[in-house]
Amino acid sequence: MQEQLLLLARAMLQANHVIVFTGAGVSTESGIPDFRGRSGIWQDDDAVRLLSLDTLYGDPQLFYSRGIAFLETLRGKEPNPAHMAIARLEDMGVVRAVITQNIDGLHQAAGSKQVIEIHGNLRTCYCMGCKHTISFEGTKEQVAQGVVPPECPECGGLVRPSVVFFEDQMTEDFSRAMDQAQMADFALVVGSSLQVAPAAYLPAMVPSMGIVNLESTPYDGRAVAAIHDKAGVVLPRLVEAVEDLRR
Ligand code: NAD
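A few points on the structure. Keep in mind it's a predicted model, so treat the numbers as computed, not measured.

## Describing the overall build of the protein chain
- Within the protein chain, the secondary structure is distributed over 10 helices and 9 strands.
- Taken over C-alpha atoms, the radius of gyration comes to 19 Å for the protein chain, in line with the 18 Å a tight globule of 247 residues would show.
- Once the C-alpha set of the protein chain is aligned to its principal axes, its extents read approximately 60 × 35 × 30 Å.
- When each of the 247 residues of the protein chain is scored for burial, the buried share is 51%.
- Look at the contacts in the protein chain between residues 6 or more apart in sequence, and 63% of them connect residues 24 or more apart.
- Put simply, the protein chain shows about 11,400 Å² of open surface, and 49% of that area lies on carbon and sulfur atoms.
- Distance from the positive charge centre (20 side chains) to the negative charge centre (30 side chains) of the protein chain: 5 Å.

## A short note on the sheet that holds strand S4 (residues 120–127)
- Across the sheet, 3 strands lie side by side as S5-S4-S6; this open sheet has antiparallel pairing. Either end of the sheet is taken by a strand with one partner, and the two such strands are strand S5 (133–135) and strand S6 (159–163). Sheet twist, expressed as the mean angle between neighbouring strand axes with direction ignored, is 40°.
- Strand direction decides the pairing type here: S4 and S6, joined by 4 bridges, are antiparallel.

## Looking at the packing of aromatic side chains
- A full pass over the atoms with the stated rule returns 2 aromatic pairs.
- Arranged with centres 4.9 Å apart and planes meeting at 70°, the rings of Phe 63 and Tyr 64 form a pair that is edge-to-face. Taken individually, Phe 63 and Tyr 64 each receive the classification buried, so the pair is uniform in this respect.

## Topic: the pattern of salt bridges
- Tallied over the entire structure, the rule returns 10 salt bridges.
- Salt bridges here are not isolated pairs; linked through shared partners, they connect Glu 72, Arg 75, Glu 137 and Lys 140.

## Examining the environment of Leu 106
- Along the polypeptide, Leu 106 turns up in helix H6 (residues 106–110).
- The exposure class of Leu 106 is buried, given its relative accessible area of 2%.
- Sequence-distant contacts of Leu 106, that is, excluding residues within four places in its chain, are made with Ser 27, Ser 30, Ile 32, Lys 77, Glu 78, Pro 79 and His 83.

## Digging into the nonpolar core
- Judged by nonpolar contacts, the single largest core of 30 residues is most densely connected at Met 12, Leu 89, Leu 188, Leu 235 and Leu 238.
- With 7 residues, the single largest contributor to this core is helix H10 (residues 231–246).
- Apart from the residues within four sequence positions on either side, Leu 235 is in contact with Ala 82, Ala 85, Ile 86, Leu 89, Leu 188, Val 190 and Val 212.
- Within the second largest apolar cluster, 23 residues are counted, among which are Ala 47, Leu 56, Leu 122 and Val 159.

## Things to note about the state of the cysteines
- Under the definition given, this model contains 0 disulfides.
- Cys 125 carries a free sulfur, and the closest cysteine sulfur to it, the one in Cys 127, is 11 Å from it.

## A closer look at helix H8 (residues 172–183)
- Here H8 spans 17 Å end to end across 12 residues, near enough to the 16 Å set by a 1.5 Å rise per residue.
- Among all positions of H8, only Phe 174, Ala 177, Gln 180 and Ala 181 are buried. Taken down its axis, H8 places every buried residue within 115° of arc, on the same side. Along H8, exposed side chains directed more than 90 degrees from the buried face belong to Glu 172 and Gln 182.
- Where the residues of H8 are buried, they touch strand S1 (18–22), strand S2 (97–100), strand S3 (115–117) and helix H9 (201–204).

## Regarding the packing of helix H5 (residues 81–91) against H10
- H10 packs onto H5 with a crossing angle of 25° between their chain directions and a minimal axis gap of 7 Å. Judged by the angle between their axes, H5 and H10 are roughly parallel. Pair H5 / H10 crosses with left-handed handedness. Contacts between H5 and H10 pair Pro 81, Ala 82, Ala 85, Ile 86, Arg 88 and Leu 89 from the former with Ala 231, Gly 232, Leu 235, Pro 236, Leu 238, Val 239, Val 242 and Glu 243 from the latter.
- Residue classes in the contact of H5 with H10 are distributed as 11 nonpolar, 1 polar and 2 charged.

About the criteria used
Residues numbered from 1 in each chain as written. Predicted model: local features only at pLDDT ≥ 70, side-chain atom pairs only at ≥ 80, totals over all residues. Heavy atoms only, no water. Helix = DSSP H or I, 4+ residues; strand = E, 2+ residues; numbered from the N terminus. Rg over C-alpha atoms; globule rule 2.2 N^0.38 Å. Buried < 20%, exposed > 50% of the residue type's maximum accessible area, 1.4 Å probe, protein only. Contact = heavy atoms within 4.5 Å. Areas by Shrake-Rupley, 256 points an atom, 1.4 Å probe, with all protein chains shown as cover. Lys, Arg positive; Asp, Glu negative; His and termini not counted. Charge placed at Lys NZ, Arg CZ, Asp CG, Glu CD. Pairing = 2+ DSSP bridges. Axes fitted to C-alpha atoms, helices over the stretch in contact; angles between N-to-C directions. Phe/Tyr/Trp six-rings, centres within 6.5 Å; stacked < 30°, edge-to-face > 60°. Salt bridge = Lys/Arg side-chain N within 4 Å of Asp/Glu carboxyl O. Core = buried A, V, L, I, M, F, W, Y, C linked by side-chain atoms within 4.5 Å. Disulfide = S-S within 2.5 Å. Expected span 1.5 Å × (residues − 1). Arc of directions from axis to C-beta. Parallel < 35°, antiparallel > 145°, perpendicular 65-115°, else oblique. Left-handed = near helix turned anticlockwise from the far one by under 90°. Nonpolar A, V, L, I, M, F, W, Y, C, P; charged D, E, K, R; others polar.

Quick look at the structure:
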């Protein structure tokens, strides 16, 4: 692995604009299961069906009982050594921005500052009518008091989590992520199967990339190096390799 780490570290130091692109795999070591990984919950059709616009509109009772309970399992976790290492790379001036598919907020918890959450977040909910934003906690409280679906305090409209579901349009953050991908000359992809479109197109826009993922991805052949190991093991070693090269 050491040789591949050196290749990655060199490529990152030689690049002008490095972005990190993360998927669910960066958070599995924080105790949040991924969808497509070996122990993923993709097979659990229930989770996919629950977190859909169909369920939100067609069966709000189900969405706001089991769906919210499911989202709740992704909250309140601690960042792991991979998140910490990515934040450190930004501190060191090596990484410009982190584009994440995750909604767990763990990059910010680790100290990353430039974080673009292309699939939304679990901090807030918003009104589908007037776009007023309320906290996820506030929505949970309404649901706990039996107000289902929860109501916008401004206009009484339907309130939903600020999370991008499978049939949803991409958000403004996706355009910001596209801008970053256009500016970047190196993308470090961590814990992503690179199979979820259109998110997976972002690193593909960048001329050079490195990959850290437990399993192989369709882009491994294009990468300067593709390391198939745990992000929480590889990323701290990558920071060390960058520090060694800088000495
Ligand atoms: P994904 O397609 O990006 O797959 C995750 C990849 O991470 C898999 O290839 C797996 O082999 C790899 N992986 C797992 N543990 C790893 C580790 N410790 N180190 C390195 N690689 C590891 O993502 P998905 O699981 O198919 O999820 C699809 C979408 O669902 C995500 O893009 C995200 O929006 C959402 N999701 C978010 C969270 C979260 O916020 N933590 C969790 C699950 C799903």
